[in-house]
Amino acid sequence: MVDRNGWDADASVPAGPSHDPPASFVEQANVTDEAVYEAFEEEWPDCWERAADLLSWERPYDDVLVDDDAPFYEWFSGGRLNASYNCLDRHLEAGRKTHAAIRWEGKRGERETYTYQDLATAVNEFAATLLDLGVEENDIVTLYLPMIPELPIAMLACARIGAPHSVVFAGLSADALATRMDAADSEYLVTCDGYYRRGDAFNQKSKVDNALISLDQDVETVVVDRLGDDLPHVLGEREYDYDELVTAHAGETVEPVTRNAEDMLFLMYTSGTTGEPKGVVHTTGGYLAHVAWSSRAVLDIKPEDTYWCAADIGWITGHSYIVYGPLALGTTTVMYEGTPDYPDRDRLWEIVEKNAVDVFYTAPTAIRAFMKWGEEYPERHDLSSLRLLGTVGEAISARPWRWYREHIGGGDAPIVDTWWQTETGAITVSTLPGVDAMKPGSAGPGLPGIDARVVDADGEDVDPGETGYLTIARPWPGMARTLYDGDDRFRSEYWSQFSDPDDGRWWYFSGDAATIDEDGYITVLGRVDDVINVSGRRLSTMEIESAITGVDGVVEAAVVGRSGEGGGTEIYAYVSTEADCEPDATLRERIVEGVESSIGPIATPASVVFTPELPKTRSGKIMRRLLEDVANGDQLGDTSALRNPEIVGEIQTEIQTE
Ligand code: WTA
């Protein structure tokens with residue numbers, strides 16, 4: 001049995017008929033030989049040398065995989081390299097100085113191109129700045145920036161000097177920033193005065209000020225002046241202007257620090273099953289090899305391409321597929337600061353046309369919005385440059401899949417539906433677009449070398465069509481190495497459910513439910529734990545609940561996912577209040593504010609339902625499953641185990657009269 005927390009209602013429908021990739025695509029694809037699957041099996045783990053070969057190593061590795069301390073694996077151990085060297089210097093040495101590295105499209109129509117030389121210069125100058133500020137190798141530098149070029153510049157500058165970055169999504173709240181800086185003991189922060197939100201100036205710096213007040217450690221803060229006169233700001237103690245510092249280091253170069261393959265490249269916080277975010281640790285060699293390999297094999301990126309992943313660098317997708325993957329391959333990566341509907345709903349298609357984008361990668365939630373807005377918007381533009389489309393973040397059901405292909409992909413562009421996670425580091429389940437047929441609604445098989453399985457509670461493979469748990473039965477190079485908060489949590493979060501250490505069996509559990517068909521294609525149904533996936537973003541129900549119970553007058557809260565209109569998941573909150581607290585519109589507003597200030601607007605509940613009590617079992621456990629059924633208007637299961645069964649009817653009445 002599997003919970004249906006946040007499943008896409010359509011996703012359980014069997015995948016539609018399969019489509020072969022068009023011959024014109026296959027002819028030019030990076031990977032076209034289906035023997036790649038077999039070859040990876042035969043050569044495993046040495047097959048992953050193909051990924052490592054995409055990188056430049058200062059010292060060759062001794063072993064592809066060291067597995068004597070599972071689940072703490074080492075990949076390419078003994079090897080030494082630098083990620084910023086791999087993303088910059090080696091392309092300059094190859095005579096590609098004037099090739100565009102980043103094409104930035106600003107929110108107000110600004111456009112900037114950074115050639116590989118420009119980017120290398122900016123990265124060197126900022127690396128010199130960081131050293132001057134006192135940043136040392138292995139110090140964690142927090143980056144709290146929106147989608148402006150200074151974000152990838154700062155990431156690569158950190159990588160250059162061997163200081164792991166921890167990027168916090170700019171839309172998260174002051175509290176969320178403080179929690180992450182505190183957990184990582186981070187004493188350096190790069191942020192900005194503010195940014196434009198739908199044309200208005202939005203103050204980021206005041207969020208930073210609030211966050212820093214609550215921290216014990218002293219923090220050196222570098223502030224990018226994004227808004228100029230639109231938002232004048234004064235710098236306090238330990239605060240520095242980005243431009244001033246960089247100007248003082250103009251023209252300086254910093255030798256890339258040589259890092260062990262297993263040294264940390266970055267830390268990325270993500271939601272887990274408890275309220276505390278998890279600090280996922282990614283390393284230099286394995287991560288970079290896996291993102292480069294998957295960028296090449298799955299996203300079919302070539303150095304001469306213009307490639308656009310319309311995600312935010314504040315999440316793993318942007319790390320792997322806006323910054324590290326494409327830049328390691330020396331391609332041109334597009335970076336967009338704005339939203340898809342400002343100034344109009346054709347903004348993305350305008351950017352595709354202007355930049356002649358070859359490969360476009362986005363999330364199903366965006367595709368559902370495009371579909372709702374209508375085909376007239378893409379029709380305004382020439383999208384014929386697009387060769388391949390991708391999706392990530394949640395399941396894409398067959399209808400949006402077809403719409404995407406028809407209206408964005410010109411009817412025949414292949415689509416890769418890529419399943420992976422913050423913890424997997426890079427794509428792990430997907431078709432190879434030059435090899436495999438596509439089945440709308442199904443992500444595809446595990447990548448070559450990735451042993452993805454759908455199993456029952458005992459770890460046995462489920463029959464085709466049956467629902468089970470998505471696990472990976474072998475390590476892979478991009479995998480998280482541990483959690484910053486500790487090895488124990490790493491082991492218990494991912495390696496306790498399906499592993500059998502006595503038997504030497506270490507299987508990674510993803511937290512997702514899935515089905516698998518006769519051809520080994522995996523359809524991901526959603527989370528089975530207390531994580532809700534809203535618009536492709538992971539949120540912990542417990543984190544939201546504790547934000548709500550932090551509001552005066554609230555006694556208890558339970559948060560579940562509800563299938564929203566059009567296929568996405570929304571947050572549905574049940575709240576019980578103190579006897580003398582009026583459950584009214586003001587309280588509802590305070591709850592929304594409470595969630596926004598502790599996590600950010602991405603976690604705002606779509607509905608808040610007040611109830612005198614939450615339904616509980618006799619042992620006092622909140623019956624979330626039942627609340628989920630109520631929210632989704634589904635048939636209710638057995639309520640006889642409840643201590644207060646009458647409350648269910650009351651809640652249903654409350655919802656109906658809302
Ligand atoms: C979900 C994002 C279905 C899944 C890269 C996973 C998907 C979580 C897909 C990870 C997909 C991601 N089909 N579900 N193609 N891709 N997911 O860590 O529930 O932000 O566990 O990483 O997103 O989210 P995360």
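Please read these numbers as outputs of a predicted model, since none were measured by experiment.

### Considering the site of the ligand
And step 1. In the region of the ligand, 17 residues are neighbours, and Asp-417, Thr-418, Thr-422, Asp-512 and Arg-538 sit closest.
And step 2. Side-chain polar atom of Arg-527 to an oxygen atom of the ligand: 3.0 Å apart, as the coordinates give it.
And step 3. Out of a free accessible area of 530 Å², the ligand has 96% covered by protein chains.
And step 4. Of all the secondary-structure elements, those providing two or more residues to the shell around the ligand are helix 11 (316-328), strand 20 (415-418) and strand 25 (522-527).

### Thoughts on the nonpolar core
And step 1. The biggest cluster of nonpolar side chains holds 126 residues, and the ones touching the most others in it are Trp-48, Phe-76, Leu-119, Phe-126 and Tyr-324.
And step 2. With 10 residues, helix 5 (residues 116-133) is the single largest residue contributor to this core.
And step 3. Ignoring any residue separated from it by four or fewer positions in sequence, one finds Tyr-324 in contact with Ala-83, Cys-87, Met-155, Leu-156, Ala-159, His-165, Leu-265, Phe-266, Tyr-287, Leu-288, Val-291 and His-319.
And step 4. Counting 35 residues, the second-largest nonpolar core is a separate cluster that includes Met-181, Ile-544, Val-554 and Val-608.

### A word on the UniProt feature "domain: AMP-binding enzyme C-terminal" (unreviewed entry) in the chain
And step 1. The UniProt feature table records "domain: AMP-binding enzyme C-terminal" (unreviewed entry) at residues 543-621.
And step 2. Annotated as 27% helix and 29% strand, the span residues 543-621 places its first and last C-alpha atoms 17 Å apart.

### Remarks on helix 4 (residues 83-93)
And step 1. Here helix 4 lies mainly inside the structure; nine of its 11 residues are buried.
And step 2. If you check which residues of helix 4 are buried, you get Ala-83, Ser-84, Asn-86, Cys-87, Leu-88, Asp-89, Arg-90, His-91 and Leu-92.
And step 3. Looking at the packing, one finds that the buried side of helix 4 touches strand 3 (80-81), helix 5, helix 6 (150-161), strand 14 (264-270), helix 10 (285-297) and helix 11.
And step 4. The N-cap of helix 4, judged by a side-chain oxygen 2.7 Å from the amide nitrogen of Ser-84 a few residues on, is Asn-82.
And step 5. Once helix 4 ends, the next one or two residues include Gly-95, with phi positive near 80 degrees.

### So, the pattern of salt bridges
And step 1. In the structure shown here, the tally under the stated rule is 37 salt bridges.
And step 2. Glu-110 is paired through a salt bridge with Arg-226; the nearest N and O atoms lie 3.0 Å apart. With Glu-110 in the loop between strand 4 (100-105) and strand 5 (111-115) and Arg-226 in the loop between strand 11 (220-224) and strand 12 (239-241), this pair connects stretches of sequence that are 116 residues apart.
And step 3. Since its relative accessible area comes to 15%, Arg-226 is described here as buried.
And step 4. Salt-bridge contacts for Arg-527 lead to Asp-512; the nearest nitrogen and oxygen are separated by 3.6 Å. Pair noted here: Arg-527 is in strand 25 and Asp-512 is in strand 24 (residues 508-516), with a separation of 15 residues, a long-range link.
And step 5. Classification of Arg-527 as buried rests on a relative accessible area of 7%.
And step 6. Given a relative accessible area of 6%, Asp-512 falls into the buried group.
And step 7. In this structure, a network of salt bridges that share partners links the residues Lys-278, Glu-423, Asp-485, Arg-489, Glu-493 and Arg-538.

### Regarding the sheet that holds strand 29 (residues 569-577)
And step 1. Across the sheet, which stays open at both edges, the three strands sit in the order 28-29-30 with mixed pairing between neighbours. Every other strand in the sheet has two partners, leaving strand 28 (554-563) and strand 30 (607-610) as the edge strands with one partner each. Across the sheet, the mean angle separating the axes of adjacent strands is 25 degrees when strand polarity is ignored.
And step 2. Pairing of strand 28 with strand 29, which is carried by nine bridges, proceeds in the antiparallel orientation. Directly across from Gly-561, in strand 29, lies its bridge partner Ile-571.
And step 3. Where helix 18 (residues 585-598) meets the sheet, its contacts fall on strand 28, strand 29 and strand 30, and the angle it forms with strand 30 comes to roughly 130 degrees.
And step 4. On top of the sheet, helix 20 (residues 646-657) reaches strand 29 and strand 30; it is set at about 130 degrees to strand 30, its chief contact.

### Comments concerning the domain arrangement of the chain
And step 1. The domain architecture assigned to the chain consists of domain 1 (117-257) and domain 2 (530-657).
And step 2. Between the C-alpha centres of domain 1 and domain 2 the distance comes to 36 Å.
And step 3. Listed by partner, the interface residues are eight residues for domain 1 and nine residues for domain 2.
And step 4. Summed over both partners, the interface of domain 1 with domain 2 comes to about 490 Å²; 50% of that surface belongs to carbon and sulfur atoms.
And step 5. Counting across the interface, domain 1 meets domain 2 through zero salt bridges.
And step 6. At the junction of domain 1 and domain 2, the tally comes to three residue pairs in polar contact (both at pLDDT 80 or more).
And step 7. Its residues placed into classes, the side of domain 1 that touches domain 2 shows four nonpolar, two polar and two charged.

Criteria and thresholds
For every chain, the first residue of the written sequence is number 1, and numbering continues from 1 onward in sequence order. Per-residue local features are limited, in this predicted model, to residues with pLDDT of at least 70; the limit for side-chain atom pairs, both in listing and counting, is 80 or more; totals at the level of whole chains, interfaces and linings are taken over all residues. To obtain the side-chain values, all non-hydrogen atoms of the structure were included, while hydrogens and water were left out. Only a single heavy atom is needed: when it lies within 4 Å of a molecule or strand, its residue is near that molecule or strand. Distance and chemistry together define a polar contact, namely a pair of N or O atoms within 3.5 Å, with one atom able to donate a hydrogen and the other to accept it when in protein, and with adjacent residues in sequence counting only for side-chain atoms on both sides. Residue exposure ignores everything except the shown protein chains as possible cover, and the areas themselves are Shrake-Rupley values with a 1.4 Å probe. Secondary structure elements follow DSSP: runs of H or I no shorter than four residues count as helices, runs of E no shorter than two count as strands, and numbering proceeds from the N terminus. As used in this record, nonpolar core signifies buried Ala, Val, Leu, Ile, Met, Phe, Trp, Tyr and Cys residues forming a set joined through side-chain atoms within 4.5 Å. We call a residue buried when its accessible area falls under 20% of the maximum for its residue type, exposed when it is over 50%, and partly exposed in between, using a 1.4 Å probe and counting protein chains only. Two residues form a contact once any of their heavy atoms are found within 4.5 Å. UniProt positions are given in the numbering used here, feature names are shortened, and annotations may be inferred rather than shown by experiment. A side-chain nitrogen of Lys or Arg and a carboxyl oxygen of Asp or Glu constitute a salt bridge if their distance falls within 4 Å. If DSSP finds at least two bridges between two strands, the strands pair. What counts as an axis is a line fitted to C-alpha atoms, over the stretch in contact for a helix, and the angles between N-to-C directions run from 0 to 180 degrees. The domain limits used here are those given by an automatic or database domain assignment. Accessible area, probed at 1.4 Å, shrinks when two parts are joined; the buried area is that loss added up over both. The classification used treats Ala, Val, Leu, Ile, Met, Phe, Trp, Tyr, Cys and Pro as nonpolar, Asp, Glu, Lys and Arg as charged, and all other residues, Gly among them, as polar.

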